[in-house]
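Structure assessment
Listed below, chain by chain, are the residues.
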Amino acid sequence: MFYGSVVWDPWLIVAQIVCIQCLYYLTLGVFMAILVGTRVSRMSLVYFFDYATITISTVTGWCVITSFLLSSIAGAGFLLYLIERAKKCLDFSATLYIIHLCICVLYGGWPSSITWWIVNGTGLAIMALLGEYFCIKRELREIPISRLRSSV
């Protein structure tokens, strides 16, 4: 398919959203296991979805913050391979973080911590901008035509 031809495929979009969300939480879980799991006696979903765990007053809180930011960097790489278009990176990143906000509201109530909003806003910016950068770099690569000229 050429990049100029736009085909609206809702099932593809939903599948991409589900894949991005699952990969984001998978990498978040890996980073949480490495950084937070070594500091606490028992890991739980509280560290993923409760806004109170994202705090700058404890070392564990800093580990949670670092896990979220590293996951957003990994998410930019997922955008490169699953979305492949720079102009769609912001849409898919915002969708991921809106779904995360909804899950957090269902799990622990409306996030009232300014730290939670700063960390997730920064994660959204990192994921969208870095994903766009990676996709633009890929889109602007030269297409090798040396093989085509040798056959003519």
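Let us look at the structure shown here. Since the structure is predicted, the reported quantities are computational estimates derived from the model, not experimental observations. (Residues numbered from 1 in each chain as written. Predicted model: local features only at pLDDT ≥ 70, side-chain atom pairs only at ≥ 80, totals over all residues. Heavy atoms only, no water.)

1. Concerning the state of the cysteines
On inspection of all chains with the given rule, the structure shows 0 disulfides. Here Cys63 stays unpaired: no disulfide links it, and the sulfur of Cys104, its closest cysteine neighbor, is 19 Å away. A disulfide-free cysteine, Cys135 has its sulfur positioned 3.7 Å from the sulfur of Cys89, the nearest such atom. According to the relative accessible area criterion, Cys135 is buried, its value standing at 1%. (Disulfide = S-S within 2.5 Å. Buried < 20%, exposed > 50% of the residue type's maximum accessible area, 1.4 Å probe, protein only.)

2. Looking at the packing of aromatic side chains
One pass over the full model with this rule turns up 8 aromatic pairs. Between Phe48 and Phe49, the aromatic rings sit 6.0 Å apart at their centres with planes inclined by 40°, giving tilted as the arrangement. The exposure classification of Phe48 matches that of Phe49, with both residues buried. In this structure an aromatic cluster arises from ring pairing among Tyr24, Tyr25, Phe48, Phe49, Tyr97 and Tyr107. (Phe/Tyr/Trp six-rings, centres within 6.5 Å; stacked < 30°, edge-to-face > 60°.)

3. Thoughts on the nonpolar core
Within the largest apolar cluster, 30 residues are counted, with the highest numbers of intra-cluster contacts made by Met32 and Phe68. Listing elements by their share of this core, those giving two or more residues are α1 (10-35), α2 (46-49), α3 (59-82), α4 (86-108) and α5 (114-139). Leave out the neighbours within four places in its chain, and Phe68 touches Tyr24, Leu28, Met32, Tyr47, Phe48, Ile54, His100, Val119 and Asn120. (Core = buried A, V, L, I, M, F, W, Y, C linked by side-chain atoms within 4.5 Å. Helix = DSSP H or I, 4+ residues; strand = E, 2+ residues; numbered from the N terminus. Contact = heavy atoms within 4.5 Å.)

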